[in-house]
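# A closer look at the structure
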Amino acid sequence: MGYATADLCDRYADQVQVVEPIFRDFGGVIAFHGSIVTVDANEDNSAVREQLSQPGLGRVLVVDGRGSLRCALLGDRLAQLAVQNGWAGVVVNGCVRDTQTLATLPLGVKALAAHPRRSEKRSAGAVNVDVTFAGVTFKPGHMLYADGDGIVVSERELAS
């Protein structure tokens, strides 16, 4: 079932939040959607790895890296883990790396930028907490829809 964010905005204007257009596409899939799982991860991707190791069930991992441009929170190994475990996509308020490989994987990946440095590993980060960035509060269990036009979020699943 396909979802166009522009159509969702037109049809459900009062039911969607539109994420500010600050993200670039890095994955091999541009359009994706799913129920939101959140991680608050400030320059530490330990919780990102932990979540992507779980069954994704078509969900989308939203990672609040607090906009840091000092290291990557997702790379080829974690993205491959996401694919193997059935995640639809990952949205990173921060950086990713291994972008040439990310572009070949059947996974939606949106992030601010690319950065070659890996993150720290301090086992820090909170999972399934509300995170706010790009003008939207992302809540676990809400729905995220992404495509080449942008990202929209709703409290419930919307018909295409």
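Everything quoted here is computed from the prediction, not taken from an experiment. (Residues numbered from 1 in each chain as written. Predicted model: local features only at pLDDT ≥ 70, side-chain atom pairs only at ≥ 80, totals over all residues. Heavy atoms only, no water.)

### Observations regarding the pairing of strand 12 (residues 150–154)
The side chains of a regular strand alternate between the sheet's two faces. Applied cut-off: Type-normalised accessible area, obtained with a 1.4 Å probe on protein chains alone, sets the label of each residue: buried when under 20%, exposed when over 50%, and partly exposed for intermediate values. A helix here means a DSSP run of H or I that spans at least four residues, while a strand means a run of E at least two residues long, and both kinds are numbered starting from the N terminus. The pairing criterion is simple: DSSP has to find at least two bridges between the two strands.
The buried count for strand 12 comes to 5 of 5 residues, which makes it a mostly enclosed element. Burial along strand 12 is two-sided: Gly150, Val152 and Ser154 facing one way and Ile151 and Val153 facing the other are all buried. Pairing geometry for strand 1 (residues 16–18) and strand 12, over 3 bridges, is antiparallel. Across the sheet, Val18 pairs through a bridge with Val152, a residue of strand 12. For strand 11 (residues 143–147) and strand 12, the ladder comprises 5 bridges, and the chain directions are antiparallel. Considered in strand 12, the bridge of Leu144 is made with Val153. Count of turn residues in the strand 11/strand 12 antiparallel hairpin: 2 residues.

### Regarding a positive patch on the surface
Selection rule: Patch criteria: residues need more than 30% relative accessible area and no salt bridge. Like-charged residues are merged within 9 Å; nonpolar side chains of Val, Leu, Ile, Met, Phe, Trp and Tyr are merged within 5 Å. For the area figures, the Shrake-Rupley method with a 1.4 Å probe applies, and any residue is considered shielded solely by the protein chains shown. Salt bridge, as applied in this entry: a Lys or Arg side-chain nitrogen positioned within 4 Å of an Asp or Glu carboxyl oxygen. Charge counting treats Lys and Arg as positive and Asp and Glu as negative, with His and both chain ends excluded. Just so you know, the charge point we use is NZ for Lys, CZ for Arg, CG for Asp and CD for Glu.
Residues Arg49, Arg77, Arg118 and Lys121 make up a contiguous surface patch of positive charge. With respect to the helices and strands, the residue Arg49 is situated in helix 2 (residues 46–52). By relative accessible area, Arg49 is classed as partly exposed at 42%.

### Some remarks on the environment of Thr104
With respect to the helices and strands, the residue Thr104 is situated in the loop between helix 4 (99–102) and strand 7 (108–114). C-alpha of Thr104 to C-alpha of Val29: the two residues are 75 residues apart in sequence and 8.6 Å apart in space.

### Considerations on the environment of Gln17
Cut-off, in case you're wondering: In this analysis, two residues are considered to be in contact whenever any of their non-hydrogen atoms come within 4.5 Å of each other.
Tracing the sequence through the fold places Gln17 in strand 1. Residue classification places Gln17 among the partly exposed positions, given a relative accessible area of 34%. Apart from residues lying up to four places away in sequence, Gln17 is in contact with Gly135, Val136, Thr137, Ile151, Val152 and Val153.

### Considering the packing of aromatic side chains
Rule in force here: Stacked, edge-to-face and tilted labels apply to pairs of Phe, Tyr and Trp rings (six-membered ring for Trp) whose centres lie within 6.5 Å, assigned for plane angles under 30 degrees, over 60, and everything in between, in that order.
One pass over the structure, following the stated rule, counts 3 aromatic pairs. Measuring from centroid to centroid gives 4.9 Å for Tyr3 and Tyr145, while their planes differ by 50°, and the two rings are tilted. Residue Tyr3 is found in the segment before helix 1 (5–11), and its partner Tyr145 is found in strand 11; the two are separated by 142 residues along the sequence. Joined through ring pairs, the aromatic side chains of Phe23, Phe133 and Phe138 make up one cluster.

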